[in-house]
Amino acid sequence: MQDHGRVWRGLLEADRLSRYYGLIAERFRDKYRYAMWSIAVVSFALTALGFGSAMRAFDGNIKLAIVWGSVFTAFLVGAVALWVSYADYSRKAGLAASISHQCEELTHEWEDLWYDLYAEDAPARTRDLARRMTRIAATARYEGGFVDDALNAECTGDAYSYWLGALSTYTPEGSYPHVTEVNSDEE
């Protein structure tokens, strides 16, 4: 017989990680999008403002104004682009999304195992799922290092609430012992 507690904990952990890294991926995608928009807006604004003010400052020396306006704009756009490449939001978003997807697949496998606890291969499946979970968690810690304790607590609560409701009426034998029929005559 398979240990219900181990499967339950594996199911919750996989779902928690899937939710957590899905939200982390969203955050990094948003940061990347904001950074790209920043580059575009800053480029346009500085080009327009820099060119206009340079024109006034040099009293009609257009060639010099264009050169200095271009240098100034290029410097600021380069600084923002360097920051974006250093922050590497697109890679972090992709990694977090990949981890979320892998954990979502594991969640479904843990759920299948929950419904099939008495199968002969259940102990081997449990060990395999636990090994895969450990590998994914190690990758997340090593590659990402994404830590948000408040988000983690929220995802833990959401996963627990969801699975407590989803699995509360199921027993391995397929019966629902705590559900009783209501006789309409006794109401």
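That block above? That's the structure.
Here goes a summary of the coordinates provided. (Residues numbered from 1 in each chain as written. Predicted model: local features only at pLDDT ≥ 70, side-chain atom pairs only at ≥ 80, totals over all residues. Heavy atoms only, no water.)

### Observations regarding the overall build of the protein chain
Going by this rule: Secondary structure elements follow DSSP: runs of H or I no shorter than four residues count as helices, runs of E no shorter than two count as strands, and numbering proceeds from the N terminus. Throughout, a residue-residue contact means that at least one pair of heavy atoms, one from each residue, lies within 4.5 Å. We get accessible surface area from the Shrake-Rupley algorithm with a probe of 1.4 Å; when it comes to residues, only the shown protein chains can shield them.
Within the protein chain one finds five helices and zero strands. In sequence order, the protein chain lays out its α and β elements as α-α-α-α-α. Contacts in the protein chain between residues at least 24 apart in sequence constitute 80% of all its contacts with a sequence separation of at least 6. Accessible surface computed for the protein chain: about 11,900 Å², of which carbon and sulfur atoms make up 59%.

### A few points about the nonpolar core
This is how the line gets drawn: Think of a nonpolar core as a cluster: buried Ala, Val, Leu, Ile, Met, Phe, Trp, Tyr and Cys residues, connected wherever their side-chain atoms sit within 4.5 Å. Whether a residue is buried, partly exposed or exposed follows from its accessible area with a 1.4 Å probe, protein chains only, as a fraction of its type maximum: under 20%, in between, or over 50%, in that order.
Ranked by internal contacts, the top residues of the largest apolar core, which has 33 residues, are Tyr 20, Tyr 21, Ile 24, Ile 99, Leu 106, Trp 110 and Phe 146. With 11 residues, the top contributor of residues to this core is helix 1 (residues 4-57). In this structure, Ile 24 is in contact with Ala 96, Phe 146 and Leu 151, ignoring residues within four places of it in sequence.

### Side note on helix 5 (residues 149-167)
Selection rule: Take the number of residues in a helix, subtract one, and multiply by 1.5 Å to get its expected span. The reported arc concerns the directions from the helix axis to the C-beta atoms and nothing else. We call two N or O atoms a polar contact when they sit within 3.5 Å, provided that within protein one can donate a hydrogen and the other can accept it, with sequence-adjacent residues counted only if both atoms are side-chain atoms.
Taking 1.5 Å of rise per residue, the 19 residues of helix 5 would be expected to cover 27 Å, and the 27 Å separating its terminal C-alpha atoms lies within 8% of that figure. For helix 5, the full list of buried residues reads Leu 151, Cys 155, Ala 159, Trp 163 and Leu 167. Around the axis of helix 5, the buried residues are gathered within 100° of arc, so they sit on the same side. Opposite the packed face of helix 5, turned more than 90 degrees from it, sit the exposed residues Asp 149, Ala 150, Ala 153 and Ser 161. Capping the start of helix 5 is the job of one residue whose side-chain oxygen sits 3.2 Å from the backbone nitrogen of Ala 150: Asp 148.

### So, helix 3 (residues 89-115)
Along its 27 residues, helix 3 runs 39 Å from first to last C-alpha, staying within 8% of the 39 Å computed at 1.5 Å per residue. All of the buried residues in helix 3 are Tyr 89, Ala 93, Leu 95, Ala 96, Ile 99, Ser 100, Cys 103, Leu 106, Thr 107, Trp 110, Leu 113 and Trp 114.

### What about the packing of helix 3 against helix 5?
Quick reminder of the rule: Inter-axis angles, ranging from 0 to 180 degrees, are taken between N-to-C directions of lines fitted to C-alpha atoms, where helices are fitted over the stretch in contact. Orientation labels follow simple angle bins: below 35 degrees gives roughly parallel, above 145 gives roughly antiparallel, 65 to 115 gives roughly perpendicular, and whatever is left gives oblique. Take the far helix as your reference; a near helix turned counterclockwise from it by less than a right angle gives a left-handed crossing, and one turned clockwise gives a right-handed crossing. Residue polarity is assigned by list, with Asp, Glu, Lys and Arg as charged and Ala, Val, Leu, Ile, Met, Phe, Trp, Tyr, Cys and Pro as nonpolar; anything else, Gly included, falls into the polar class.
Running from N to C, helix 3 and helix 5 cross one another at 30°; their axes reach a closest spacing of 13 Å. Classed by the angle they form, the pair helix 3 and helix 5 counts as roughly parallel. You can see that helix 3 and helix 5 cross each other, and the crossing is right-handed. For the pair helix 3 and helix 5, contact is made by Thr 107, Glu 111, Trp 114 and Tyr 115 and by Trp 163, Ala 166 and Leu 167, respectively. Of the residues assigned to the contact of helix 3 with helix 5, the class counts are five nonpolar, one polar and one charged.

### Details of the packing of aromatic side chains
Keep this limit in mind: By convention, a stacked pair of Phe, Tyr or Trp rings (six-membered ring in the case of Trp) has centres within 6.5 Å and planes under 30 degrees apart, an edge-to-face pair has planes over 60 apart, and any other such pair is tilted.
Counting across every chain of the model gives five aromatic pairs. Ring centres of Tyr 162 and Trp 163 lie 4.8 Å apart, and the angle between their planes is 85°; on these two criteria the pair is classed as edge-to-face. Judged by its relative accessible area of 4%, Trp 163 falls in the buried class. Three or more aromatic residues link up through ring pairs in this structure, and these residues are Trp 8, Trp 114 and Tyr 160.

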